[in-house]
Amino acid sequence: MPQFKEVSTQSGLHPKPAGLVLQYGTAGFRTNAKQLDHIMFRMGLLATLRSKKTKATIGVMVTASHNPEEDNGVKLVDPMGEMVTPTWEGYATQLANAEQEDLLAALQDIIEKEAIHMSQEANVFVGKDTRSSSASLSQAVLDGVSALGGHSKDYGLVTTPQLHYMVCCQNTQCKYGEATVEGYYKKLCQAFIQLTKNASNCTDDQKHLTVDGANGIGALKVREMESQLKKELHISLFNDGSEGKLNHQCGADFVKVQQKPPTGIKMNPGERCCSFDGDADRIIYYYTDSEGKFHLLDGDKIATLISTYLKELLTQAGLDLEIAVVQTAYANGSSTNYLENTMKVIVRCTKTGVKHLHHAAQEFDIGVYFEANGHGTVLFSKAAEEKIQQLAENSNINDERKRAALLLQNTVNVINQTVGDAISDMLLIEAILAIKGMTIQQWDAIYSDLPNRQLKVKVSDRRVIDTTDAERRAVSPAGLQEAIDSLVKNYREARSFVRPSGTEDVVRVYAEAETQESADALARDVSLAVYRLAGGVGGEPKPLH
Ligand code: NG1
Ligand code: ZN
């Protein structure tokens with residue numbers, strides 16, 4: 001193969017440390033940045049093959065999302081902006097772990113299995129986050145693309161969802177929008193202005209939002225976009241990367257897991273605040289009340305707000321479209337209960353990782369999917385979009401139906417349907433609150449969360465834990481599920497499950513119960529069971545109080 005000579009030369013500049021084995025996890029490869037140069041080069045190769053195979057543009061995003069600054073990672077983006085398919089995740093792992101001398105054989109193997117025509121053109125879009133390691137790692141991706149003769153476009157610093165958006169725009173011949181950062185702002189901001197233009201009784205106070213940018217790429221992009229919001233939203237941006245460290249004591253993951261405000265922001269009682277994560281594909285809202293108590297509005301509350309709003313609009317528009325909410329096992333039990341029993345919408349539970357939620361959401365006319373950690377979006381089927389469009393253009397309907405149809409149409413446009421997007425979700429939530437004249441306190445009061453706790457346990461090999469039933473039950477190691485079942489019985493309204501993380505070398509423990517003390521105690525009891533039955537390392541988990 002003519003290109004192989006170049007691959008061979010170039011790969012020598014991005015050598016794999018012998019013996020290093022990495023897995024394509026929940027969201028691509030993710031580990032300390034020092035171990036990733038060869039992975040990036042090889043993902044450039046793989047993206048080029050994927051592009052040749054699909055005859056479409058493929059995306060490669062260099063980011064480690066909410067992980068610490070020292071880490072980095074890479075995610076591949078398929079033609080419609082979705083995550084790459086499981087078979088290709090397998091190829092990614094195969095290619096990443098081939099020893100230096102076996103690389104060409106590993107490439108050849110994929111080319112043969114997928115019957116790839118090497119003469120086919122290839123196009124790869126590359127983006128990166130603000131980590132100091134991202135510049136050289138994204139160069140390694142570009143080197144991989146050029147080694148196989150592919151064309152690349154380097155978008156430089158973009159959020160993960162912006163790169164997904166570009167890929168989707170490119171492959172739909174711009175039907176989804178223009179494949180530029182300016183095009184992205186234009187589409188989202190115009191839809192936001194249209195949505196909020198009739199919410200005329202919105203006061204300046206209600207238009208104010210405090211944003212924690214996690215010292216990452218999201219902060220940069222909010223700054224770029226701000227002026228196009230035409231004062232319909234007043235943003236006070238903190239943790240903008242000018243001083244603090246990425247994701248350190250700030251950002252959506254910190255706020256969600258610690259259940260407390262980030263450092264580095266100024267919060268006044270009752271004021272609406274939100275946090276992005278390091279690559280701006282997650283968002284979490286919160287406020288403190290007059291007594292200083294912290295209130296978190298996570299992905300479950302966001303899904304509830306959005307699905308309530310959409311359901312009301314569908315009724316007003318007289319549109320018969322099926323709406324479903326997709327969650328994971330981490331969804332608060334109160335949210336599932338409210339959605340199923342009060343709102344009476346279909347609820348589905350999938351494995352952790354947005355690719356699973358995205359897939360499940362595609363089965364409905366309108367699929368609202370959110371992980372509790374704030375990663376999510378809304379998907380509209382083609383048929384649903386067409387019905388909304390037709391109704392919005394119909395001049396023979398009454399004012400109420402017309403208004404609802406137009407709101408639905410602009411709602412479709414403000415949403416980034418390719419993947420969870422903090423900026424797009426923020427604009428949607430802000431628009432909904434403005435349209436409904438709703439305060440964050442009213443939103444929070446829709447239902448009350450069950451107290452919960454998430455913990456991590458270090459074990460020598462987290463793969464000893466295998467799960468079933470959308471990760472809600474452990475099938476191995478022997479005795480672990482029985483131990484969890486009997487511990488859960490000690491507390492009221494309790495639930496707990498464990499699963500190996502796909503992004504960190506830990507086992508995650510989740511517990512919820514009637515009181516915070518019970519949730520904390522149960523999480524600790526279950527952590528101890530994991531430690532004892534699944535090969536814990538380091539000291540035993542300690543009580544939280
Ligand atoms: P892991 O580390 O597999 O639990 C975490 C999140 C996921 C997802 C990925 C990708 C939790 C409990 N897990 O996965 O939901 O967002 O990171 O970023 O929040
Ligand atoms: Zn992220």
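Please read these numbers as outputs of a predicted model, since none were measured by experiment.

## What about the coordination of the zinc ion (ligand 2)?
With distances of 2.0 to 2.1 Å, the protein atoms coordinating the zinc ion (ligand 2) are S65 (OG), D277 (OD), D279 (OD) and D281 (OD). The site at the zinc ion (ligand 2) holds 4 donor atoms, and with the angles between them running 85 to 171°, its shape is irregular. If you list the donors of the zinc ion (ligand 2) from N- to C-terminus, the spacing comes out as S-x211-D-x1-D-x1-D. Taken together, the residues span a long stretch of sequence, with S65 in the loop between β2 (57-62) and β3 (71-77) and D281 in the loop between β8 (273-276) and β9 (283-288) at a distance of 216 residues. The same class applies to S65 and to D281, which are both buried.

## As for the UniProt feature "domain: Alpha-D-phosphohexomutase alpha/beta/alpha" (unreviewed entry) in the protein chain
Feature annotation in UniProt places "domain: Alpha-D-phosphohexomutase alpha/beta/alpha" (unreviewed entry) on residues 52-88 and 106-167, given in this structure's numbering. In residues 52-88, the share of helix is 16% and the share of strand is 35%. The end C-alpha atoms are 13 Å apart. Its end C-alpha atoms 27 Å apart, residues 106-167 is made of 48% helix and 21% strand.

## Some details on the packing of helix α2 (residues 37-54) against helix α5 (residues 134-147)
Between two packed helices, the angle of one axis relative to the other and the distance separating the axes together describe the packing. Where α2 contacts α5, the axes come no closer than 7 Å and their chain directions differ by 40°. Between α2 and α5, the angle is such that the two are oblique. The interaxial crossing formed by α2 with α5 has right-handed handedness. Side by side, α2 and α5 meet where D37, M40, F41, G44, L45 and T48 of the first sit next to L137, A140, V141, D143, G144, V145 and A147 of the second. The class makeup of the residues in the contact of α2 with α5 is 8 nonpolar, 3 polar and 2 charged.

## Describing the domain arrangement of the protein chain
Along its sequence, the protein chain is carved into domain 1 (2-157), domain 2 (183-297), domain 3 (300-418) and domain 4 (452-534). One C-alpha centre belongs to domain 2, the other to domain 3; they are set 22 Å apart. Between domain 2 and domain 3, the residue contacts involve 13 residues of the former and 14 residues of the latter. Buried area between domain 2 and domain 3, summed over both chains or domains, comes out near 1200 Å², and the portion from carbon and sulfur atoms is 64%. Looking only at domain 2, the three residues that lose the most surface to domain 3 are L195, R282 and L297, adding up to 36% of its buried area. The interface formed by domain 2 and domain 3 contains 0 salt bridges. Taken together, domain 2 and domain 3 are joined by 1 residue pair in polar contact (both at pLDDT 80 or more).

## Here we look at helix α8 (residues 217-225)
Among the residues of α8, those classed as buried are I217, G218, A219, K221, V222 and M225. On the buried face of α8, the contacting elements are β5 (151-157), α6 (160-171), α7 (181-196), β7 (234-238), β8 and α15 (422-436).

## Focus: α6
In an α-helix, one full turn covers 3.6 residues, which means residues spaced three or four apart are oriented alike. Spanning 12 residues, α6 covers 17 Å between terminal C-alpha atoms, matching the ideal 16 Å at 1.5 Å per step. Next to the buried residues of α6 lie β2, β3, β4 (123-128), β5, α7 and α8. Near the N-terminus of α6, the side chain that reaches the backbone nitrogen of Q162, with its oxygen 3.0 Å away, is that of T159.

## Focus: empty space enclosed by the protein
Applying the stated criterion to the full structure yields 1 cavity of 30 Å³ or more. Of the volumes computed, that of the largest cavity is approximately 50 Å³. As for the largest cavity, its lining consists of K256, V257, Q259, N452, R453, Q454 and Y510. At the level of elements, α9 (252-258) and β15 (452-457) are the ones that each hand at least two residues to the lining of the largest cavity. Top contributing element to the lining of the largest cavity by residue count: β15, with 3 residues.

## Considering the pairing of β2
The element β2 is largely enclosed, with a buried count of 6 among its 6 residues. Summarising the sheet, β2 and β4 pair through 6 bridges and their orientation is parallel. Paired with V60 across the two strands is V126, which belongs to β4.

## With respect to the sheet that holds strand β18 (residues 495-500)
Within the open sheet, the 3 strands sit side by side as β15-β19-β18. Their pairing is antiparallel. The open sheet terminates on both sides in strands that have one partner only, identified here as β15 and β18. Sheet twist, expressed as the average angle between the axes of neighbouring strands with direction ignored, equals 15°. Direction of pairing for β18 relative to strand β19 (residues 507-512): antiparallel, over a ladder of 6 bridges. Each residue of the ladder has a partner; that of R499, found in β19, is R508.

## Thoughts on the side chain of K301
Along the chain, K301 falls in helix α10 (residues 299-317). Polar contacts involving the side chain of K301 include one to the main-chain carbonyl oxygen of Y447, which spans 2.7 Å. The residues touching K301, leaving out its near neighbours within four places in the chain, are W443, D444, Y447, S448 and D449.

## Details of the pairing of β19
The buried fraction of β19 amounts to 6 of the 6 residues, a majority that puts the element mostly inside the structure. The two faces of β19 match: V507, V509 and A511 on one face and R508, Y510 and E512 on the other face are all buried. As paired elements, β15 and β19 share 6 bridges and run antiparallel to each other. Of the residues in β19, the one forming a bridge with K456 is R508. Connecting the antiparallel pair β18 and β19 is a turn made up of 6 residues.

## Let's talk about the environment of V419
Looking at where V419 falls in the secondary structure, it is placed in the loop between α14 (399-414) and α15. V419 gets classed as buried once you look at its relative accessible area, which sits at 2%. Along the primary structure V419 and G81 are separated by 338 residues, whereas in three dimensions their C-alpha atoms are 7.3 Å apart. Leaving out residues up to four positions away in the same chain, V419 has contacts with M83, P161, H164, Y369, H375 and T377.

## With respect to the sheet that holds β3
Here 5 strands make up an open sheet; going across it, the order is β1-β3-β2-β4-β5 and the pairing mixed. Each having just a single partner strand, β1 (29-32) and β5 make up the two edges of the open sheet. Direction aside, the axes of adjacent strands within the sheet are offset by 15° on average. As paired elements, β2 and β3 share 4 bridges and run antiparallel to each other. Residue G59 lies in a different strand from β3, and its bridge partner there is V77. Of the strands in this sheet, β2, β3, β4 and β5 are in contact with α6, which crosses β2 at around 170°.

Reading guide: rules and limits
Residues numbered from 1 in each chain as written. Chains lettered and ligands numbered in written order. Predicted model: local features only at pLDDT ≥ 70, side-chain atom pairs only at ≥ 80, totals over all residues. Heavy atoms only, no water. Donors = N, O, S within 2.8 Å, 3.2 Å for Na, K, Ca; no water. Tetrahedral: all angles 85-135°; square planar, octahedral: opposite > 155°, others 65-115°. Helix = DSSP H or I, 4+ residues; strand = E, 2+ residues; numbered from the N terminus. Buried < 20%, exposed > 50% of the residue type's maximum accessible area, 1.4 Å probe, protein only. UniProt positions renumbered as here; feature names shortened; annotations may be inferred. Axes fitted to C-alpha atoms, helices over the stretch in contact; angles between N-to-C directions. Parallel < 35°, antiparallel > 145°, perpendicular 65-115°, else oblique. Left-handed = near helix turned anticlockwise from the far one by under 90°. Contact = heavy atoms within 4.5 Å. Nonpolar A, V, L, I, M, F, W, Y, C, P; charged D, E, K, R; others polar. Domains from an automatic or database assignment. Buried area = accessible area lost by both parts, 1.4 Å probe. Salt bridge = Lys/Arg side-chain N within 4 Å of Asp/Glu carboxyl O. Polar contact = N/O pair within 3.5 Å; in protein donor to acceptor, adjacent residues only side chain to side chain. Expected span 1.5 Å × (residues − 1). 1 Å grid on protein atoms, 1.4 Å probe; cavity = no way out; pocket = protein on both sides within 12 Å on 5 of 7 lines; lining within 4 Å. Points joined across faces, edges and corners; volume = space filled by probe spheres on them. Pairing = 2+ DSSP bridges.

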